Protein chains: 2
Amino acid sequence: MDPFADLIAANAEYVDRFRLGDLPAPPRRKLAVVTCMDCRIDPLAILGLEAGDAHVLRNAGARITDDVLRSLVKSVNQLGVERVAVMHHTDCGAAKIVLSELRAKVVEATGNDPSAVEFHLIDDQAAALEADVEAVRGCPYLPPGTEVAGFLYDVTTGVAEPRHHATVG
Amino acid sequence: MDPFADLIAANAEYVDRFRLGDLPAPPRRKLAVVTCMDCRIDPLAILGLEAGDAHVLRNAGARITDDVLRSLVKSVNQLGVERVAVMHHTDCGAAKIVLSELRAKVVEATGNDPSAVEFHLIDDQAAALEADVEAVRGCPYLPPGTEVAGFLYDVTTGVAEPRHHATVG
């Protein structure tokens, strides 16, 4: 049994009703959204977007890492994006996980010690969101005028609360 | 005028019909999907998923970077994920962008030279997908038995073609 058979079967149904073959690569709304990998977050639905509207970048915690920045540099300089929304969320694993427990689980499951891995955990959710907005604003490879917002998404209510706004410049 | 006003207004409508407040954090389908930030990709729709089913990780090119791996280590060891689908796509900016042109655009727009940035561009799409599947399979912090698949999504047809399957072990 193929462990991915459910995805393959579902994609066949998607293909039957597919009508998006002519979408251009540059996002229609000139928007990039950076959010967490958390399964409870459907960023397109939360922000009223559809396919074609926005770049979506996701990792554990919606942290602004080198990987996110190198992606945004392409998004803004090559694909016409002019605004970046960073959306953290309540009840985030990056803020709940205790590093020593995560390390112990990895050692038990794999025999390998992940002490060299930077997990980008969050001590203070409000401060982390502000720091991540500032990390985008301060990126030297994004042009002046690029707009940056920080949102906090509440997984129990669906509210994406605007918390910060900054402009590269 | 708030440059993010459209998102804030759309979220108010989302909140009015929000019914997902009780979703648990561990993904129901024990699945993580790694795909590109490309605006034409709606990974939940493409693979028949809904909120609550899967972690979704996205960057430019769906490349398996340190940021993706540290996120997957949490996903698998802490949140019950047992399978990882890496989904590259046709017409990908990471494969079309010429590094010298990107650098020239950044220098022109910002005055700063991004030569120190690793952009993880793709020379050969098929080889890059295989390498990225192998990068997940070879991660020393994922337990034996974790399943890894490589898909190539065709942005003109909607088909997510299974190309690779590997098991951590």
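An account of the accompanying structure is given in this report. (Residues numbered from 1 in each chain as written. Chains lettered and ligands numbered in written order. Predicted model: local features only at pLDDT ≥ 70, side-chain atom pairs only at ≥ 80, totals over all residues. Heavy atoms only, no water.)

### Side note on the overall build of chain A
The criterion, for reference: Strands are runs of DSSP state E lasting at least 2 residues, helices are runs of H or I lasting at least 4, and numbering of each runs from the N terminus. Two residues qualify as a contact provided that any one of their heavy atoms is within 4.5 Å of a heavy atom in the partner residue. Accessibility throughout is a Shrake-Rupley quantity obtained with a 1.4 Å probe, and a residue counts as covered only by protein chains that appear here.
Counting secondary structure elements, chain A contains 6 helices and 5 strands. Seen in sequence order, chain A has helices and strands lined up from the N terminus as α-β-α-β-α-β-α-α-α-β-β. Projected onto the principal axes, the alpha-carbon positions of chain A cover approximately 50 × 50 × 30 Å. Considering only intrachain contacts with a sequence separation of at least 6, the fraction spanning at least 24 residues in chain A is 64%. Approximately 6,700 Å² of chain A is accessible, and the part contributed by carbon and sulfur atoms is 50%.

### Brief notes about the pattern of salt bridges
Defined as follows: Salt bridge criterion: a side-chain nitrogen from Lys or Arg within 4 Å of a carboxyl oxygen from Asp or Glu. Whether a residue is buried, partly exposed or exposed follows from its accessible area with a 1.4 Å probe, protein chains only, as a fraction of its type maximum: under 20%, in between, or over 50%, in that order.
Going through the model one piece at a time under the given rule, you end up with 24 salt bridges over all chains. Measuring nitrogen to oxygen at the nearest pair gives 3.7 Å for the salt bridge that ties Asp53 of chain A to Arg29 of chain A. Placement of Asp53 of chain A in the loop between helix H2 (43-46) and strand S2 (54-59) and of Arg29 of chain A in the loop between helix H1 (5-16) and strand S1 (31-36) is noted, with a sequence separation of 24 residues between them. A relative accessible area of 4% means that Asp53 of chain A is categorised as buried. As a salt-bridge pair, Arg70 of chain B and Asp67 of chain B come within 2.8 Å of each other at their nearest N and O atoms. Taken together, the positions of Arg70 of chain B and Asp67 of chain B, both in helix H3 (residues 66-79) and 3 residues apart, correspond to about one turn of that helix. In terms of burial, Arg70 of chain B and Asp67 of chain B fall into one category: buried. Each of Asp6 of chain A together with Arg28, Arg29, Glu50, Asp53 and Arg83 of chain B takes part in a single network of salt bridges with overlapping partners.

### A short note on the interface of chain A and chain B
Definition in use: Buried area: the accessible area, evaluated with a 1.4 Å probe, that two parts lose upon being put together, summed over both parts. Polar contacts, as counted here, are pairs of nitrogen or oxygen atoms within 3.5 Å of one another; within protein the pair requires one atom able to donate a hydrogen and one able to accept it, and residues that are adjacent in sequence qualify only if both atoms are side-chain atoms.
Tallying the contact residues gives 89 residues for chain A and 89 residues for chain B. In this assembly, chain A packs against chain B so that about 7,100 Å² is buried in total across both faces, 64% of it on carbon and sulfur atoms. Our enumeration of links across chain A and chain B arrives at 4 salt bridges. Between Asp6 of chain B and Arg83 of chain A there is a salt bridge, with its nearest N and O atoms 2.9 Å apart. Along the contact surface separating chain A from chain B lie 33 residue pairs in polar contact (both at pLDDT 80 or more). A total of 9 residues in the side of chain A that touches chain B trace back to one element, the largest contributor, which is helix H3 (residues 66-79) of chain A.

Geometric descriptors of this kind do not, in isolation, establish any biological role.
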